[in-house]
Amino acid sequence: MLTIGVLVSGSGSNLQAIIDAIENKTLNARIAVVISNRIDAFALERAKKHNIPHEVVTRKEFPERNAFDHKVAGLLRSSGVDLVVLAGFMRLVTPALLDAFPERVINIHPSLLPSFPGLDAQTQALTHGVKITGCTVHLVDGGLDTGPIIIQAAVPVLEGDTVESLSKRILAEEHRIYPQAIRLFAMGKMKISGRSVSSGSSEATSKASLENPLVYPD
Ligand code: GRF
């Protein structure tokens, strides 16, 4: 069974979606550890509630990014983690973590990458005036939201959308596609060749989500 470690900083609604998928048996995986860089992250409460081992590693203890990532990589390794899942983890990761888990660190971002990387992706989308945005699960490389794309889902921008209303609809899609992406690793079907990620599974293709876009009434 795939053993995952989840890195969080905030509310942890994506962590919850992964826990739910495991509990309702649509995802055959086990969360060995949840690691937060913030002691007040609500995600830790979710881990506690589901009896998932959890750790806090703060910037105060490890101000240097490399040392922080060494510590985190050690915890993940000692928990037997195969796949590292960043779920609202608000720190850039360094080679200290990436080299310990080559092609096994994934992230979710609230835009259709490569558009709107970095912070405040929903604000960037609204400011730019795009009509469709969405979310992306990607492998993490050394850049800011630049790694190979695994799954994307499209979300229409509606007239009068605010950052809050748009974020809420994007988040609903995040909760759908993140467990789906992890399932591809669990099934051992991921093939990574340069920037191209394939799985042989039709559920993995961004095409599937674009052919059946979610349409929201006005
Ligand atoms: C999500 O929008 C995710 O795309 C971004 O941070 C947010 C995390 O939300 N990386 P949550 O903590 O999973 O609720």
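Up top is the structure these notes are about.
Cut-offs used in this document
Residues numbered from 1 in each chain as written. Predicted model: local features only at pLDDT ≥ 70, side-chain atom pairs only at ≥ 80, totals over all residues. Heavy atoms only, no water. Near = heavy atom within 4 Å. Polar contact = N/O pair within 3.5 Å; in protein donor to acceptor, adjacent residues only side chain to side chain. Areas by Shrake-Rupley, 256 points an atom, 1.4 Å probe, with all protein chains shown as cover. Nonpolar A, V, L, I, M, F, W, Y, C, P; charged D, E, K, R; others polar. Helix = DSSP H or I, 4+ residues; strand = E, 2+ residues; numbered from the N terminus. Buried < 20%, exposed > 50% of the residue type's maximum accessible area, 1.4 Å probe, protein only. Salt bridge = Lys/Arg side-chain N within 4 Å of Asp/Glu carboxyl O.

All residues adjacent to the ligand are Ser11, Gly12, Ser13, Asn14, Gly88, Ile108, His109, Pro110, Leu171 and Glu174. Asn14 is positioned such that a nitrogen or oxygen atom in its backbone is 2.9 Å from an oxygen atom of the ligand. Backbone polar atom of Ile108 to a nitrogen atom of the ligand: 3.1 Å apart, as the coordinates give it. Here the ligand loses 82% of its free accessible area of 370 Å² to cover by the protein chains. Tallied by class, the residues present in the shell around the ligand amount to three nonpolar, six polar and one charged.

Tracing the chain through its elements places Asn107 in strand β5 (residues 105-109). Owing to a relative accessible area of 10%, Asn107 belongs among the buried residues under this scheme. Side-chain polar atoms of Asn107 contact the side chain of Asp145, separated by 3.4 Å.

To continue, consider the environment of Ile39. Relative to the helices and strands, Ile39 is located in the loop between β2 (29-36) and α2 (42-49). We classify Ile39 as exposed; its relative accessible area is 70%. Expressed as a C-alpha distance, the spacing of Ile39 and Val57, which sit 18 residues apart in the sequence, is 8.2 Å.

The full count for this structure, using the stated rule, is four salt bridges. Close ionic contact of Glu45 with Lys48 constitutes a salt bridge, the shortest N to O distance being 3.3 Å. Of this pair, Glu45 and Lys48 both sit in helix α2, three residues apart, which is roughly one turn of that helix. According to the relative accessible area criterion, Glu45 is partly exposed, its value standing at 39%. The partly exposed category is assigned to Lys48, whose relative accessible area is 41%. Glu173 is the salt-bridge partner of Arg176, the closest N and O atoms lying 2.8 Å from each other. Placement of the pair is Arg176 and Glu173 together in helix α6 (residues 163-186), with a separation of three residues, close to one helical turn. The exposure class of Arg176 is partly exposed, given its relative accessible area of 40%.

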